[in-house]
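Residue strings, one per chain:
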Amino acid sequence: MRLFAGLLFPLMSIAANYSAQKAVVDGIEVVRLADAAHHAEVAIAPSIGNMAYEFRVNGKNVFWLPYETLAQMKAKPQFGGIPFLAPWANRLSEDAFFANGVKYRLNPDLGNIRRDQNQNPIHGLLNFSPYWTVGAIEADADAAHVSSRLEFWKHPEMVAQFPFAHSIEMTYRLHEGVLEVRTAIENLSTDSMPVGIGYHPYLQLHDAPRDQWKVHLAAREHLALSAKFIPTGERKPVEFTDPLPLAGVALDDVFGGLVRDASDRATFSVEGAHEKISVIYGPKYTVAVVYAPAGRQFICFEPMSTITDGFNLAHAGLYKELQSIPAGGAWSESFWIAPTGF
């Protein structure tokens, strides 16, 4: 179902090919980016986790959604589109994490912790956050883009769980039919802040059933996981064929040692009969989680700045690549979603 029907456009920026427009859908403010030359349009809901929930190319949605309308998404949020995972992506092994040698305990009484099937904390605090504020909405001769900001430090219920004052700016940029998602973090605290963010894009093809899709995994290392999906510290070479047919295959796997091109980018992809979606990782996204459950018509190539439970595994000496932001410093990185053949 098209969620753009009946939109109002009180604020817009238009160039020869690109446009960026503020709109209202089901009473919910959204931002729409469009690229006329590539018949591409992206819709973002800032008040629902600043989530991009549609990326249509020739009318076909590149994103998979579990709901029919934006009102349903607002009333009962579920993962679909591109959820943002922060301040930790994927799972923690307990209701606590280490940073700078200090153990910080989560407070489950605050009611803002999402849990997995084993009751471990998962995917952080911001999946459907209403705290994003929209800044620049612009289109020029080169692209359409929107930037939104979340001041994490202003919200006590979040700082109680992750006591590092910081702000986040997320920018969606549509250029030549490719969607860039850029994240910039400012560490406003007096201590070094670990970076454990990620994204969980739900992607779908339309020209072949899921079991006919073929996957390219741009990774050399396959991380061994415990029964609770926590890395054990063991790494082994990737043994999947390339391309990997999804028939009879279910994935919820963590990969490292990403294979990069001359621009230091790593490209994961899924392909059907003619359609193809590539997810391109910038250099600071060092880990890929690939999620393709059996019987579901989607696949997720998840850009991650750290492995699952990276805060705790780094403290235990089992993970050497944890990134951090010094006091007063900043971190930024992008990934790109590039559909072809739609």
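Residues numbered from 1 in each chain as written. Predicted model: local features only at pLDDT ≥ 70, side-chain atom pairs only at ≥ 80, totals over all residues. Heavy atoms only, no water.

Q: Looking at this model, I keep getting lost on the overall build of the chain. Mind explaining?
A: In terms of regular secondary structure, the chain is built from three helices and 26 strands. The principal-axis extent of the C-alpha atoms belonging to the chain is close to 55 × 45 × 40 Å. Classification of the 342 residues of the chain by burial places 56% in the buried group. Sequence-distant contacts in the chain: of pairs separated by 6 or more residues, those separated by 24 or more amount to 64%. Distance between charge centroids for the chain: 3 Å, based on 28 positive and 36 negative side chains. (Helix = DSSP H or I, 4+ residues; strand = E, 2+ residues; numbered from the N terminus. Buried < 20%, exposed > 50% of the residue type's maximum accessible area, 1.4 Å probe, protein only. Contact = heavy atoms within 4.5 Å. Lys, Arg positive; Asp, Glu negative; His and termini not counted. Charge placed at Lys NZ, Arg CZ, Asp CG, Glu CD.)

Q: Mind showing me how you'd approach the pairing of strand 13 (residues 178-187) here?
A: Looking along a regular strand, one sees side chains alternate from face to face of the sheet. Of all the 10 residues making up strand 13, seven are buried; the element is thus mostly covered by neighbouring parts of the structure. A loop of two residues connects strand 12 (residues 166-175) with strand 13, the two strands running antiparallel in sequence, and Glu-176 in this loop sits at a positive phi of about 50°. For strand 13 and strand 26 (residues 330-340), the ladder comprises eight bridges, and the chain directions are antiparallel. Bridged to Thr-183 within strand 26 is Glu-333. (Pairing = 2+ DSSP bridges.)

Q: Even after reading the chapter, I still don't get the pattern of salt bridges, so can you show me in this structure?
A: Pairing between side chains becomes possible if they bear opposite charge and their charged atoms approach one another. Per the stated rule, a full pass over the model turns up 15 salt bridges. Here Arg-32 ties to Glu-41 by a salt bridge, and the two come within 2.4 Å at their closest N and O atoms. Here Arg-32 matches Glu-41 in class, with each residue buried. Across the pair Asp-116 and Arg-91 runs a salt bridge, and its minimum N-O distance is 2.8 Å. With a gap of 25 residues between them, Asp-116 in the loop between strand 9 (102-105) and strand 10 (133-139) and Arg-91 in the loop between strand 7 (84-85) and strand 8 (96-99) connect regions that are remote in the sequence. Like Asp-116, the residue Arg-91 is buried in the burial classification. Shared partners join several salt bridges into a network, and the residues in it are Asp-142, Arg-173 and Glu-180. (Salt bridge = Lys/Arg side-chain N within 4 Å of Asp/Glu carboxyl O.)

Q: I tried to follow the side chain of Glu-41 on my own but got confused; where do I start?
A: Within the fold, Glu-41 resides in strand 4 (residues 40-45). A distance of 2.4 Å separates polar atoms of two side chains, one belonging to Glu-41 and the other to Arg-32. (Polar contact = N/O pair within 3.5 Å; in protein donor to acceptor, adjacent residues only side chain to side chain.)

Q: I tried to follow the nonpolar core on my own but got confused; where do I start?
A: Grouped together as the largest cluster of nonpolar side chains are 76 residues, with contacts concentrated most on Leu-33, Phe-55, Phe-268, Ile-299, Phe-301 and Ile-337. With four residues, the top contributor of residues to this core is strand 12. Discounting residues that sit within four places of it in the chain, Phe-55 has contacts with Ala-40, Glu-41, Val-42, Lys-60, Asn-61, Val-62, Phe-63, Leu-174, Gly-177, Leu-179, Ile-337 and Pro-339. Counting 15 residues, the second largest nonpolar core, distinct from the first, contains Tyr-202, Phe-298, Cys-300 and Ile-307. (Core = buried A, V, L, I, M, F, W, Y, C linked by side-chain atoms within 4.5 Å.)

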